[in-house]
Amino acid sequence: MTFLSAAFAVFFPITLIFYYTLPKKCQWVILLAASTVFYLFSGPKYFIYVLATAGVTYGCALWVKSMADKFAADLPELKKTLPKDELQKAVKKAESARGKVVFLALAVDLGILIVLKYLDFLIGNINSVFSLSGDSALPTFSFVMPLGLSFYTFAAVGYIVDVSRGKYSPEKNPAKFVLFLTFFPQIFQGPIPRFERLAPQFSAEHRFDYDNFRGGLQLALWGTFKKVVIADAVGGIVYRTVTNYSDMSGIRLWLGMFVWGIQLYTDFSGGIDMTRGVAECFGIHLDENFKRPYFATDLTDYWNRWHITLSDWLRDYFFYPIALSKRFARFSKSLKKKFGKFIAKTVPVGLLSLALFTLVGIWHGANWGEVLFGVFNGVVILITTLMEPLFEKPRKILKMDSSVGWHIFRSVRTFLLITIARVISKAPSIPDACRMLGKMFFKPDFAGFFGSFGSDFSFTESILPYLPALAGCVLLFFVSLTEERGHHVRDLINERPAPLRIAAEVMCVAYIIVFGAYGLGYDASNFIYTNY
Amino acid sequence: MEETLLEILEDINSDIDYKTETAIIDDGLLDSFDIVALVGEMNDAFDINISVVDLIPENFNSLQAMLALVDKLQNG
């Protein structure tokens, strides 16, 4: 069942009716029941993986908390009786014991993720490295991944780490914890939830609020527009670009990969808009996952705007824990003594950043294309950081930072860089990616490309089918530009007189119905990020 | 303490008016490279241990917030 399926058209209103008519105290139970039904639709046997992750994480979190409470209760007495060094040892011993419980939870949670998502990739590489084939090759398993595996695993890992840090108390009700991991709008493709922001909303009582409900539907409608009118309509262009690249000119490949960038953004952000819109109908507000990434002025800025909940997760549970560790501080200090402040500040963090982006690549998929996609991003960011001092003075002297032209140049440059990175991850293989990039840079073939607009060119066949999507892109650009300037388009629409607002909503629905990518063979379930 | 912290901050990024700025993190004026360097310098200068849990915007959005954090970690 997906947001755009007939089953969801029945499931959603029924859930809403139960949610708002039954006693408010039961609302979270309705959401849990709905989320369970929703998940079981994706395959009952996969629910066992979710329950395993939920059970172990839930139990370990309570265990860690009880250990911390017991030690805190004993501490005043220990302070009186033990000398300082013995006390420090006792503190470290208690921390170590709690660490082992956290490690157990992480081993199970990440173990399930690694086995189901990455084991075949590892085995394939072992077979390749040791030239194992036929009967001597290690077998692969072709596991089918449970729905939302990466998303709920990351949510569970964040939860157990935060509990161990004492950031909040663990959830006592196991059913509520299962709801936190499986809340049905977000299980598809995130956003990766944070317990401290989501769980209190499940415990709160939500009265039906027409404005809130309408706002949720508007957001879901806008997401549907992006997904159906743009992303699904241009998918064919991307498919042909990747599969027939050897017959295409370099300039055609650039265009095809630009379209892939648009498709990926409208598919993923459209899906997230639907997710957040559906959740808002229940009075539940999920974290934003996108802030107009194609307006970013460098790759760091881009990753602060694209899939924000993943970037934030990696920052809080990978980057900062390592960057703030004593070992890391010692490494920086040793570099400071030998090479000075700048190197000490940039090189260790730059290398850590490179490791982080490699993880971003691995998260996106178990193949070398995705890994290199992450490495490319990390390397570019590292080089940019190292070279920054060279450009700092000229930039200030020429007052470039306040120049609109410079801003546009940087945004275009960032879009080109991320397009190049996406060639690496989208091409069928690494050699294919190299050949595609070779053509894009060294064989643009402008004459051949524009020559194709000759006598055999058909406007009706080549351009007309994509005009609605193109118009949709223009609308998306102006909506994004308005939001980039600090305005909320939904608020602007809702401030208008009712007839104008209703007209805008009806036009959006009509546009989706008339120009959406429907027809025989259409499958709206294929959200690109669902597979992650 | 305030002068020492100001020196550290000026050394990391001298373009920011730390005496008036109240959204240093929220407005993205310091990046992750700056924050890691800042935390390292603050730990050394004030003999404190800033942990990941302390890394929230409210603790680093202004000079006063950072001073309050140092005070809390030294005396809390």
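What you are looking at is a predicted structure, and each value in this text was computed from that prediction instead of being measured. (Residues numbered from 1 in each chain as written. Chains lettered and ligands numbered in written order. Predicted model: local features only at pLDDT ≥ 70, side-chain atom pairs only at ≥ 80, totals over all residues. Heavy atoms only, no water.)

### Describing the overall build of chain A
Step number 1: Along the backbone of chain A there are 22 helices and 0 strands.
Step number 2: Taken over the C-alpha trace, chain A has a radius of gyration of 26 Å; the compact-globule value for 532 residues is 24 Å, and the two agree within 12%.
Step number 3: Along the first, second and third principal axes, the C-alpha set of chain A runs to 95 × 70 × 65 Å.
Step number 4: Burial analysis of chain A (532 residues in total) assigns 47% to the buried set.
Step number 5: Taking contacts inside chain A between residues at least 6 apart in sequence as the whole, the part at least 24 apart equals 76%.
Step number 6: Element-wise, carbon and sulfur atoms account for 66% of the exposed surface of chain A, whose accessible area totals about 26500 Å². (Helix = DSSP H or I, 4+ residues; strand = E, 2+ residues; numbered from the N terminus. Rg over C-alpha atoms; globule rule 2.2 N^0.38 Å. Buried < 20%, exposed > 50% of the residue type's maximum accessible area, 1.4 Å probe, protein only. Contact = heavy atoms within 4.5 Å. Areas by Shrake-Rupley, 256 points an atom, 1.4 Å probe, with all protein chains shown as cover.)

### Side note on the overall build of chain B
Step number 1: Looking only at helices and strands, chain B has 4 helices and 0 strands in total.
Step number 2: In chain B, the succession of helices and strands from N to C terminus is α-α-α-α.
Step number 3: Here chain B has a C-alpha radius of gyration of 11 Å; the compact-globule value for 76 residues is 11 Å, and the two agree.
Step number 4: C-alpha extents for chain B along the principal axes are approximately 30 × 25 × 20 Å.

### Description of the side chain of Gln218 of chain A
All names here are of chain A.
Step number 1: As for its placement among the helices and strands, Gln218 is situated in helix α9 (residues 210-243).
Step number 2: Using a relative accessible area of 11% as the deciding quantity, one classes Gln218 as buried.
Step number 3: Beyond its immediate sequence surroundings of up to four residues, Gln218 is in contact with Arg490, Ile493, Asn494, Arg501 and Glu505.

### A word on a nonpolar patch on the surface
Residue and element names in this part refer to chain A.
Step number 1: Judged by side-chain polarity, Phe342, Val379, Ile383, Leu386, Met387, Leu390 and Phe391 come together as a nonpolar surface patch covering roughly 610 Å² of accessible area.
Step number 2: Considering every element that reaches the nonpolar patch, the biggest residue donor is helix α15 (residues 368-397), with 6 residues.
Step number 3: Here Met387 falls in the partly exposed class, since its relative accessible area comes to 34%. (Patch = residues over 30% accessible without salt bridge, like charges linked within 9 Å, V, L, I, M, F, W, Y side chains within 5 Å. Salt bridge = Lys/Arg side-chain N within 4 Å of Asp/Glu carboxyl O.)

### Here we look at a positive patch on the surface
Residue and element names in this part refer to chain A.
Step number 1: A surface patch of positive charge is lined by Lys92, Lys326, Arg327 and Arg330.
Step number 2: Examined against the element boundaries, Arg330 turns out to sit in helix α13 (residues 326-339).
Step number 3: Residue Arg330 is classed as exposed on the basis of its relative accessible area of 54%. (Lys, Arg positive; Asp, Glu negative; His and termini not counted. Charge placed at Lys NZ, Arg CZ, Asp CG, Glu CD.)

### Re the environment of Gly166 of chain A
Step number 1: Structurally, the position occupied by Gly166 of chain A is in the loop between α5 (149-164) and α6 (174-182).
Step number 2: Once the C-alpha coordinates of Gly166 of chain A and Met67 of chain A are considered, the two residues, 99 residues apart in sequence, prove to be 12 Å apart.

### Quick look at the confidence of the model for chain B
Step number 1: Here chain B shows a mean pLDDT of 90. Residues at 70 or above account for 99%.
Step number 2: For this predicted complex, the interface score ipTM comes out at 0.87, alongside a pTM of 0.90. (pLDDT = per-residue confidence, 0-100.)

### Looking at the packing of aromatic side chains
Residues and elements named next belong to chain A.
Step number 1: For the coordinates displayed, the defined rule picks out 56 aromatic pairs over all chains.
Step number 2: Judged by centre distance (5.0 Å) and plane angle (90°), the rings of Tyr19 and Phe282 are edge-to-face. Note that Tyr19 is positioned in helix α1 (residues 6-21) and Phe282 in the loop between α10 (250-281) and α11 (299-303), a separation of 263 residues in sequence. Note on accessibility: Tyr19 and Phe282 belong to one class, buried.
Step number 3: In this arrangement the basic side chain of Lys117 is found over the ring face of Trp363, its NZ or CZ atom lying 5.1 Å from the centre.
Step number 4: The aromatic ring of Trp260 is capped on one face by Lys426, whose charged end is 3.9 Å from the ring centroid. (Phe/Tyr/Trp six-rings, centres within 6.5 Å; stacked < 30°, edge-to-face > 60°. Lys NZ or Arg CZ within 6 Å of the ring centre and 35° of its normal.)

### Details of the packing of helix α1 (residues 2-12) of chain B against helix α2 (residues 32-46) of chain B
Residues and elements named next belong to chain B.
Step number 1: Interaxial distance between α1 and α2 falls to 10 Å at its minimum, and their mutual angle equals 155°. Between α1 and α2, the crossing angle belongs to the class labelled roughly antiparallel. Between α1 and α2 lies a crossing whose hand is right-handed. Two secondary-structure elements touch here, α1 through Thr4, Leu5, Ile8, Leu9 and Ile12 and α2 through Asp34, Ala37, Leu38, Glu41, Met42, Ala45 and Phe46. (Axes fitted to C-alpha atoms, helices over the stretch in contact; angles between N-to-C directions. Parallel < 35°, antiparallel > 145°, perpendicular 65-115°, else oblique. Left-handed = near helix turned anticlockwise from the far one by under 90°.)

### Let's talk about the side chain of Thr346 of chain A
Step number 1: Topologically, Thr346 of chain A is positioned in helix α14 (residues 341-364).
Step number 2: On the basis of relative accessible area, Thr346 of chain A is assigned to the buried category, the value being 3%.
Step number 3: Ignoring anything within four residues of it in the chain, the contact list for Thr346 of chain A reads Thr385 and Leu386 of chain A together with Phe33 of chain B.

### Overview of α1 of chain B
Step number 1: Taken together, the buried positions of α1 of chain B are occupied by Leu5, Leu6, Ile8, Leu9 and Ile12 of chain B. Viewed end-on, α1 of chain B has its buried residues packed into an arc of 160°, placing them on one side of the element. Along α1 of chain B, exposed side chains directed more than 90 degrees from the buried face belong to Glu3 and Glu7 of chain B.
Step number 2: Lining the buried residues of α1 of chain B we find α14 of chain A together with α2 and α4 (63-75) of chain B. (Arc of directions from axis to C-beta.)

### A look at the interface of chain B and chain A
Step number 1: The interface of chain B with chain A comprises 17 residues on the first partner and 17 residues on the second.
Step number 2: When the buried surface of chain B facing chain A is broken down by residue, Phe33, Val36 and Val52 of chain B rank first, second and third, together holding 42% of it.
Step number 3: Here chain B and chain A share 4 salt bridges between them.
Step number 4: Notably, a salt bridge pairs Asp11 of chain B with Lys341 of chain A, separated by 2.2 Å at the nearest N-O pair.
Step number 5: Linking chain B with chain A are 4 residue pairs in polar contact (both at pLDDT 80 or more).
Step number 6: When residues of the side of chain B that touches chain A are traced back to their parent elements, those giving at least two are α1 and α2 of chain B.
Step number 7: Ranked by residue count, the leading element in the side of chain B that touches chain A is α2 of chain B, at 9 residues.
Step number 8: Here the side of chain B that touches chain A is composed, by residue class, of 10 nonpolar, 2 polar and 5 charged. (Buried area = accessible area lost by both parts, 1.4 Å probe. Polar contact = N/O pair within 3.5 Å; in protein donor to acceptor, adjacent residues only side chain to side chain. Nonpolar A, V, L, I, M, F, W, Y, C, P; charged D, E, K, R; others polar.)

### Brief notes about the pattern of salt bridges
Close approach of charged atoms lets side chains of opposite charge pair.
Residue and element names in this part refer to chain A.
Step number 1: Going through the model one piece at a time under the given rule, you end up with 26 salt bridges over all chains.
Step number 2: Between Asp74 and Lys70 there is a salt bridge, with its nearest N and O atoms 3.2 Å apart. With Asp74 and Lys70 both in helix α3 (residues 47-81) and 4 residues apart, this pair spans about one turn of that helix.
Step number 3: Note on Asp74: relative accessible area 33%, which makes it partly exposed.
Step number 4: Salt-bridge contacts for Arg197 lead to Asp287; the nearest nitrogen and oxygen are separated by 2.9 Å. Here Arg197 is found in helix α8 (residues 195-203), whereas its partner Asp287 is found in the loop between α10 and α11, with 90 residues between them in sequence.
Step number 5: One network of salt bridges, in which partners are shared, links Arg292, Asp301, Arg305, Glu483 and Glu484.

### Digging into unusual backbone geometry
All names here are of chain A.
Step number 1: The step from Gly190 to Pro191 runs through a cis peptide bond, and the omega angle for that step is 5°.
Step number 2: Its place among the elements puts Pro191 in the loop between α7 (184-187) and α8.
Step number 3: Notably, His307 is not glycine yet its phi reads approximately 45°, a positive angle.
Step number 4: If you trace the backbone, His307 turns up in the loop between α11 and α12 (308-323).

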